[in-house]
Amino acid sequence: MKIVVGLGNPGREYDGTRHNVGFEVLALIAQRFNAGRPKAKFKAEVAEVSIKNQKTVLLSPLTFMNLSGQSVRAALDFYKLPLNDVLVVCDDINLDVARLRFRPSGSAGGQNGLKNIIQQLGSQDFGRLRVGVGKTPPHWNASDFVLGKFGAEERSEMDLGISRAANAVEAWIEHGIEMAMNQFNAKTQQKKKKKSETNKRVVDLPDQIRE
């Protein structure tokens, strides 16, 4: 059994904001696997699905971001699962839009939802999938930035990122954190892109230069 936590803020005014990408990823997964109407439990919206023959609880805390750990703590106490069966999906302002980064553990890195989960669980040893929402522009307040919405071009890119993040969650459920890291982390994507660009440059060179 697995628990996937998507972080965000409840309320229609927060729909589509950078801080709510965790909610969006879980909503897409719920849609893919016909989760039906979520239930109110653990101060959260909860849906249960089967992914890769694994019972999976989709948990979207309704406590607001800074108190997300209350829901996670309550769910873990109820299901009595080890921390390595938990994955938290959240936004990251240190990553470019739609970049993904898995980590098996670590600090909150400035993400207040993660910070509260760490406090509530008394441990950093749970998986997290960070979804890039772009870096805070100069002279902007980080809180204002994450509570803002994406521009049209970013929104299009983010929709693809949300879909890829849902794929990443499925990979984590089926294969575990190490394989998911290798397949989806931003560094791996960048290496592939650089390799592709290098190959393209070589192909485009005139024959006499290649020789």
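Residues numbered from 1 in each chain as written. Predicted model: local features only at pLDDT ≥ 70, side-chain atom pairs only at ≥ 80, totals over all residues. Heavy atoms only, no water.

Draft legend 1. Up close: helix 5 (residues 152-175). Given a rise of 1.5 Å per residue, 24 residues ought to cover 34 Å, and the 34 Å separating the end C-alpha atoms of helix 5 matches this to within 8%. Within helix 5, burial applies to Arg155, Met158, Gly161, Ile162, Ala165, Ala166, Ala168, Val169, Glu170, Ala171, Trp172 and Ile173. Gly176 occupies a position one or two residues after helix 5 and carries a positive phi of about 95 degrees. (Helix = DSSP H or I, 4+ residues; strand = E, 2+ residues; numbered from the N terminus. Expected span 1.5 Å × (residues − 1). Buried < 20%, exposed > 50% of the residue type's maximum accessible area, 1.4 Å probe, protein only.)

Draft legend 2. Broad picture of the pairing of strand 1 (residues 2-6). Among the five residues that make up strand 1, five are buried, leaving the element largely enclosed by the rest of the structure. Residues Lys2, Val4 and Gly6 of strand 1 are buried on one face, and the alternating residues Ile3 and Val5, pointing to the opposite face, are buried as well. When strand 1 meets strand 4 (residues 54-61), the two strands line up parallel, connected through four bridges. By the bridge assignment, Val4 is partnered in strand 4 with Leu58. Looking at chain direction, strand 1 and strand 5 (residues 86-92) are connected through four bridges and run parallel. When the sheet's bridge partners are listed, Gly6 is paired in strand 5 with Val89. (Pairing = 2+ DSSP bridges.)

Draft legend 3. Representation of the nonpolar core within the structure. Counting 34 residues, the largest nonpolar core has Val4, Leu58, Val89, Phe102, Leu129, Val169 and Trp172 as the members making the most contacts within it. Of all the secondary-structure elements, those providing two or more residues to this core are helix 1 (21-32), strand 3 (44-51), strand 5, strand 6 (100-103), strand 7 (127-132), helix 5 and helix 6 (177-184). Take this core: its biggest share by element is nine residues, from helix 5. The contact partners of Val169, leaving out residues within four places of it in the chain, are Val4, Val25, Ile29, Leu87, Val89, Phe102 and Leu129. Counting 23 residues, the second-largest nonpolar core is a separate cluster that includes Val5, Leu7, Met65 and Val88. (Core = buried A, V, L, I, M, F, W, Y, C linked by side-chain atoms within 4.5 Å. Contact = heavy atoms within 4.5 Å.)

Draft legend 4. Just helix 3 (residues 112-121), in detail. Buried within helix 3 are the following residues: Gly113, Leu114, Asn116, Ile117, Ile118 and Leu121. One or two residues past the end of helix 3 sits Gly122, with phi positive at roughly 70 degrees.

Draft legend 5. Up close: the pairing of strand 4. Of all eight residues that make up strand 4, six are buried, and the element is covered over most of its length. Where strand 3 meets strand 4, eight bridges bridge the pair, whose relative direction is antiparallel. Across the sheet, Ser50 pairs through a bridge with Lys55, a residue of strand 4. Counting the residues in the hairpin turn of strand 3 and strand 4 gives two residues, including Lys52, whose phi is positive at 55 degrees.

Draft legend 6. View of the environment of Asn182. Residue position: Asn182 is located in helix 6. A C-alpha to C-alpha distance of 9.8 Å links Asn182 and Arg101, two positions 81 residues apart in sequence.

Draft legend 7. Layout of the sheet that holds strand 7. Pairing is mixed in the open sheet, where seven strands are placed in the order 2-3-4-1-5-7-6. Across the chains shown, the open sheet's two edge strands, defined by having one partner strand only, are strand 2 (39-41) and strand 6. Each neighbouring strand pair of the sheet contributes to a mean axis angle of 25 degrees, computed without reference to strand direction. Where helix 5 meets the sheet, it contacts strand 1, strand 3, strand 4, strand 5, strand 6 and strand 7, and its direction lies at approximately 25 degrees from that of strand 6. (Axes fitted to C-alpha atoms, helices over the stretch in contact; angles between N-to-C directions.)

Draft legend 8. A look at the packing of helix 5 against helix 6. Their axes nearest at 7 Å, the elements helix 5 and helix 6 cross at an angle of 150 degrees. Here helix 5 is positioned roughly antiparallel relative to helix 6, judged by the angle of their axes. At the point where helix 5 passes helix 6, the crossing takes the right-handed sense. Contacts between helix 5 and helix 6 involve Arg164, Asn167, Ala168, Ala171, Trp172 and His175 from the first element and Ile177, Met179, Ala180, Gln183 and Phe184 from the second. Here the contact of helix 5 with helix 6 is built from residues that sort into seven nonpolar, three polar and one charged. (Parallel < 35°, antiparallel > 145°, perpendicular 65-115°, else oblique. Left-handed = near helix turned anticlockwise from the far one by under 90°. Nonpolar A, V, L, I, M, F, W, Y, C, P; charged D, E, K, R; others polar.)

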